[in-house]
Amino acid sequence: MTLELAIAIIVTVVGASTPILIAALGELVVEKSGVLNLGVEGMMLVGAITGFVVVFTTGNHYLAILLAAGAGVATSMIFGFLTLSLSANQTATGLALTIFGTGFSALAGQGYSARPVTLLGPLFPSELATHPIWRVLFGYSALVYFSFAMVLAVWWFLKKTRAGLILRAVGENDHSAHSIGYSVVAVRYGAVAFGGAMAGIAGACFPLLLTPQWAERMTAGRGWIAVALVVFASWKPFRLLAGAYLFGLVMTMELYAKAGGGPLSAIPAELWAAMPYLATVVVLVLISIRRDASSNAPACLGRPFLPSN
Amino acid sequence: MTLNRRNLLKIGGAAAALPLLGTKAFAQSEPLKVGFMYIGTINDNGWNYAHNQGRLYLEEQLGDAVETTYVENVPEGPDSERVLRELAQSGHKLIFATSFGYGDYVIKVAEQFPDVTFEHATGYMRSANVGTYNARFHEGRAVCGTIAGHMSQTGKAGYIGSFPIPEVVMGINSFVLAARKINPDFTITPVYISTWNDPAKEADAARAMIDQGIDIIAQHTDGPAALQVAEERGIVGGFGQGADMSAFAPQAQLTSIIDNWGPHYVKTAQAVIDGTWESKDSWPGLAEGEVQIGPYGPKVPEDVIAAAEAVKNGQIDGSFNIFTGPINDHTGAEKVAAGVTLTDAELLSMDWYVEGVIPPA
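Residues numbered from 1 in each chain as written. Chains lettered and ligands numbered in written order. Predicted model: local features only at pLDDT ≥ 70, side-chain atom pairs only at ≥ 80, totals over all residues. Heavy atoms only, no water.

1. Quick word on the overall build of chain A
Test applied: In this text, helices come from DSSP runs of H or I with a minimum length of four residues, and strands from runs of E with a minimum of two, each type numbered from the N-terminal end. Each radius of gyration reported is based on C-alpha atoms, and the globular scaling rule is 2.2 Å times the count of residues to the power 0.38. Exposed residues in this analysis have more than 50% of their type's maximum accessible area, buried residues have under 20%, and partly exposed residues fall in between, with area computed by a 1.4 Å probe over protein chains only. Between two residues, a contact is recorded if the distance between any of their heavy atoms is within 4.5 Å. For accessible areas, the Shrake-Rupley method is used with a probe of radius 1.4 Å. Any residue's cover is judged against the shown protein chains and nothing else. When charges are counted, Lys and Arg are positive and Asp and Glu negative, with His and the chain ends excluded. The location of each charge is read from NZ of Lys, CZ of Arg, CG of Asp or CD of Glu.
The helix and strand tally for chain A stands at 12 helices and 0 strands. Each helix and strand of chain A, ordered N terminal to C terminal, gives the series α-α-α-α-α-α-α-α-α-α-α-α. In terms of overall size, chain A behaves like a compact globule, its C-alpha atoms giving a radius of gyration of 20 Å where 309 residues would be expected to give roughly 19 Å. The C-alpha extent of chain A, read off along each of the three principal axes, is 60 × 50 × 35 Å. Looking at chain A as a whole, 53% of its 309 residues are labelled buried. Considering only residue pairs separated by 6 or more positions, chain A has 76% of its internal contacts joining residues 24 or more positions apart. Accessible surface computed for chain A: about 12600 Å², of which carbon and sulfur atoms make up 71%. Across chain A, the 16 positively charged side chains and the 11 negatively charged ones have centroids separated by 9 Å.

Written as structure tokens, this is what we have:
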């Protein structure tokens with residue numbers, strides 16, 4: 001494998017991993033607060049169509065990312081209102097949100113399907129990325145650097161800040177947090193909104209970073225991979241980073257191996273498709289061997305909070 | 001009339017609740033209800049879009065004599081059986097199932113509704129009330145392959161396919177046979193992505209090909225993602241599939257294969273109305289106008305256009321057939337003797353690659 005090919009593969013892997021990573025980071029924070037939002041895929045699709053329409057009408061990619069985040073927040077608030085204010089079942093509401101997001105994005109996208117847009121260009125001036133090696137570091141769009149920054153930010157927020165401690169307390173024992181005066185519902189609203197914003201941005205990655213068009217269901221199940229990754233990473237941001245890139249690597253290497261016809265292309269397509277899930281099984285087994293880590297799931301995950309109890 | 005599956009369910013329920021009021025004479029004065037089942041969305045600019053254009057053409061041509069309904073995003077699984085049954089129960093007397101994987105379910109549901117006519121696109125199983133229809137896309141592929149053979153500098157093309165079914169294999173073989181008539185060293189690498197609609201994966205597959213020296217991309221998936229990557233990377237180009245995709249790749253689209261299902265839908269609906277419909281396999285191509293070649297891109301030189309037109313016209317007047325031997329398989333062994341042409345049945349069960357295809361695992 002030549003250096004240039006290796007670099008090209010890295011660049012493609014980064015593209016494939018970024019939306020999964022951004023969406024999963026949002027879901028990680030949501031789940032840390034004790035809420036399970038299975039609507040990631042739906043919120044991503046709402047973000048994708050919003051991002052697409054904004055780029056198409058204004059040509060401004062950064063405005064598109066911002067409004068996609070806003071659309072994600074708005075969508076997540078439907079979930080928030082139902083599960084937090086009305087204490088509806090989170091699993092069912094999350095699934096409904098995905099169905100809603102899929103349908104809404106398809107409706108809003110009517111008439112936009114034959115319209116091309118342009119991708120968001122690299123963040124740094126192209127002089128920095130002329131040499132292939134520098135391209136690995138400086139050749140990406142802002143969304144990629146944003147995803148790395150958010151890994152650090154989420155880790156720092158959860159581990160090092162008081163607000164992060166409160167959020168984790170709400171997720172581990174909502175009644176205790178309530179009894180010492182924290183508003184469980186308000187904290188969870190905040191977390192759900194953050195998850196919505198991140199899912200919206202992750203969705204916007206599709207028309208802005210990967211393929212400059214709108215296609216119905218263009219996220220093609222990656223929101224579900226993001227949800228699975230949070231468990232895979234046992235709710236740890238850096239492990240999530242590794243997991244997202246592992247999934248991205250497998251998804252990309254499959255295509256490079258098939259297109260290149262080298263030794264890797266002897267691996268059947270079915271095995272490639274199964275690999276991320278085999279990796280998940282292996283990781284889950286490893287996690288459960290270590291006794292302490294299996295308790296890493298937030299204790300209140302998925303349980304509605306009813307202060308009257 | 002447009003419906004989603006959920007509304008259809010309600011209508012199906014309402015229809016089932018009604019007693020059978022209509023006599024046969026009464027029913028005949030009613031418009032023929034025609035149902036269409038699509039695997040993806042009608043906004044995909046490709047396969048499903050083309051079928052829906054055919055549906056609109058049917059409405060336009062036959063006017064009040066027909067009433068059409070479509071259901072989109074129906075997966076090729078048990079769900080399709082349910083949708084077919086709902087369509088049949090809600091009074092649709094002619095149902096078009098427009099994806100290969102619906103086959104088993106069409107046959108099954110058709111047994112339960114003997115008075116309903118079913119037509120299955122790209123399929124091979126027929127029964128008394130199930131016909132099959134397809135278009136000879138491989139004729140269009142031969143035109144594209146001719147252009148690729150002339151224009152490729154690396155002599156390497158990539159081909160993004162969904163699943164290795166005969167319809168796709170046939171297209172790949174036709175493409176490479178045509179290209180090798182121009183450049184005998186031409187090779188093609190099929191990449192199957194196991195889905196009809198995942199634009200991000202199609203785009204990544206295109207990147208994987210271009211990064212490894214491929215300068216022509218053809219695809220048999222439903223959207224323009226690969227062409228957009230071809231445009232962005234500035235490679236020689238690619239081909240639109242199902243519809244003209246030049247809006248997405250004004251430079252990179254060398255030409256496109258346009259599906260034109262409308263005439264078949266009109267002919268079939270008219271036959272059902274007249275009571276002359278018979279179960280058969282309908283497989284028209286360039287000559288009948290069901291497959292069309294779109295405009296040539298700005299990069300295609302005059303002499304290449306002339307070569308492409310010659311292949312196109314040869315297939316229209318019947319003087320040229322891409323599947324006439326000698327044809328070797330991918331190992332180099334002779335598969336079709338000189339002067340022998342593959343029959344339709346052999347094409348429809350094609351499970352081998354011709355020389356020049358680097359077969360996938």
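That covers the picture; the talk isn't over yet.
2. A short note on the packing of helix α11 (residues 237-260) of chain A against helix α12 (residues 269-289) of chain A
Residues and elements named next belong to chain A. Put simply, the rule is: The angle between two axes is taken between their N-to-C directions and runs from 0 to 180 degrees, where each axis is a line fitted to C-alpha atoms and a helix contributes only its stretch in contact. Should an angle fall under 35 degrees it is taken as roughly parallel, and over 145 as roughly antiparallel, whereas 65 to 115 is taken as roughly perpendicular and any remaining angle as oblique. The sense of a crossing depends on the near helix, which, turned anticlockwise from the far helix by less than a right angle, makes the crossing left-handed and, turned clockwise, makes it right-handed.
The contact between α11 and α12 brings their axes to 9 Å, and the two run at 160°. Regarding the angle of α11 to α12, the classification is roughly antiparallel. As α11 runs across α12, the sense of the crossing is right-handed. Every residue of α12 that contacts α11 at R239, L246, F247, V250, M253, E254, A257 and K258 is listed here: A269, W272, M275, P276, A279, T280 and I287.

3. A closer look at the domain arrangement of chain B
Residues and elements named next belong to chain B. Here is the rule: Domains are outlined according to an automatic or database domain assignment. Accessible area, probed at 1.4 Å, shrinks when two parts are joined; the buried area is that loss added up over both. Two N or O atoms count as a polar contact when they lie within 3.5 Å, although within protein this holds only if one can serve as hydrogen donor and the other as acceptor, and sequence-adjacent residues are included solely when both atoms are side-chain atoms.
Partitioning chain B into domains gives domain 1 (5-133) and domain 2 (137-259 + 291-348). Centre-to-centre, using C-alpha coordinates, domain 1 lies 32 Å away from domain 2. Residue-level contacts link 13 residues of domain 1 with 14 residues of domain 2. When the buried surface of domain 1 facing domain 2 is broken down by residue, N45, W47 and F100 rank first, second and third, together holding 46% of it. Our enumeration of links across domain 1 and domain 2 arrives at 0 residue pairs in polar contact (both at pLDDT 80 or more).

4. Regarding the interface of chain A and chain B
Our working rule: The rule for a salt bridge is simple: a side-chain nitrogen of Lys or Arg has to be within 4 Å of a carboxyl oxygen of Asp or Glu. The residue classification treats Ala, Val, Leu, Ile, Met, Phe, Trp, Tyr, Cys and Pro as nonpolar and Asp, Glu, Lys and Arg as charged. All others, Gly included, are polar.
Listed as interface residues are 32 residues of chain A and, on the opposing side, 30 residues of chain B. Summing the contributions of chain A and of chain B, the shared interface buries around 2700 Å²; its carbon and sulfur component is 54%. It is A:E216, A:L255 and A:A259 in chain A that bury the most area against chain B; as a group they hold 21% of the surface buried on that side. The interface formed by chain A and chain B includes 2 salt bridges. Residues B:K201 and A:E254 are paired through a salt bridge, measuring 3.9 Å at the closest nitrogen-oxygen approach. Elements with a contribution of two residues or more to the side of chain A that touches chain B: α1 (3-32), α9 (184-210) and α11 of chain A. The biggest single contributor to the side of chain A that touches chain B is α11(A), with 6 residues. Grouping the amino acids of the side of chain A that touches chain B by side-chain chemistry returns 19 nonpolar, 7 polar and 6 charged.

5. Examining the pairing of strand β6 (residues 156-161) of chain B
All names here are of chain B. Put simply, the test is: In this analysis, strands are considered paired if DSSP registers two or more bridges between them. By definition, the crossover connecting two strands over a helix is right-handed if that path, from the first strand to the second, turns clockwise as seen with the strands pointing away from the viewer.
Burial analysis of β6 places 5 of its 6 residues in the buried class, which makes it a mostly covered element. With 6 bridges connecting them, β6 and strand β7 (residues 187-192) associate as parallel partners. Note that in β7 the partner of G161 across the bridge is Y192. Between β6 and its parallel partner β7, the chain crosses via helix α7 (residues 166-182), and the hand of that crossover is right-handed. Note: β6 against strand β8 (residues 216-219), 4 bridges, orientation parallel. Each residue of the ladder has a partner; that of Y159, found in β8, is A218.

6. Examining the pattern of salt bridges
Applying the stated rule across the entire model yields 15 salt bridges over all chains. Salt-bridge contacts for B:E81 lead to B:R85; the nearest nitrogen and oxygen are separated by 2.9 Å. Of this pair, B:E81 and B:R85 both sit in helix α4 (residues 78-89), 4 residues apart, which is roughly one turn of the helix. Within the structure, one salt-bridge network assembled from shared partners comprises A:E254, A:K258 and B:K201.

7. Regarding helix α7 (residues 162-172) of chain A
Residues and elements named next belong to chain A. The following threshold applies: It is the directions from the helix axis to the C-beta atoms that the arc portrays.
For α7, every residue scored as buried is listed here: G164, I166, L167, V170 and G171. Looking down the long axis of α7, one finds its buried residues gathered within 160° of arc, a one-sided arrangement. Buried residues in α7 make contact with α1, α6 (142-160), α8 (174-179) and α9.

8. Overview of the sheet that holds strand β3 (residues 94-97) of chain B
Residues and elements named next belong to chain B. One open sheet holds the 6 strands; their spatial order is β2-β1-β3-β4-β5-β11, and the pairing between them is parallel. A single partner strand is all that each edge strand has here, and the edge strands are β2 (66-71) and β11 (281-282). Bridge count for strand β1 (residues 32-37) against β2 is 6 bridges, and the pairing is parallel. Looking at the pairing, M37 lines up with V71 of β2. Across the sheet, helix α3 (residues 47-62) is in contact with β1, β2, β4 (117-121) and β5 (130-133); its angle to β2 comes to roughly 165°.

9. A short note on the pairing of β2(B)
In terms of residue burial, β2(B) counts as a mostly covered element, since 5 of its 6 residues are buried. This β-α-β element, β1(B) to α3(B) to β2(B), shows right-handed connectivity.

10. So, the sheet that holds β8(B)
Residues and elements named next belong to chain B. Strand order across the open sheet formed by 6 strands is β7-β6-β8-β9-β10-β12, with mixed pairing between neighbours. Edge positions in the open sheet fall to β7 and β12 (291-293), since each of these has one partner strand only. Each adjacent strand pair in this sheet contributes to an overall mean axis angle of 20°, direction not counted. Alignment of β8 against strand β9 (residues 237-242), held across 2 bridges, turns out to be parallel. Bridging across to β9, I217 finds its partner in G238. Along the sheet, helix α6 (residues 137-151) contacts β6, β8, β9, β10 (253-259) and β12; its crossing angle with β10, the most-contacted strand, is approximately 175°.

11. A closer look at the packing of aromatic side chains
Residue and element names in this part refer to chain A. This is how it is decided: Stacked, tilted and edge-to-face are the three classes applied to pairs of Phe, Tyr and Trp rings, where Trp contributes its six-membered ring and a pair requires centres within 6.5 Å; stacked means planes under 30 degrees apart, edge-to-face means over 60, and tilted covers the rest.
On inspection of all chains with the given rule, the structure shows 25 aromatic pairs over all chains. Plain terms: the ring middles of F124 and F138 are 5.2 Å apart, the flat faces sit at 85° to each other, and that makes the pair edge-to-face. With F124 in the loop between α4 (90-108) and α5 (132-138) and F138 in helix α5, this residue pair connects regions lying 14 residues apart in the sequence. Residue classification places F124 among the partly exposed residues on the basis of a relative accessible area of 28%. Exposure remark for F138: the relative accessible area of 23% places this residue in the partly exposed category.

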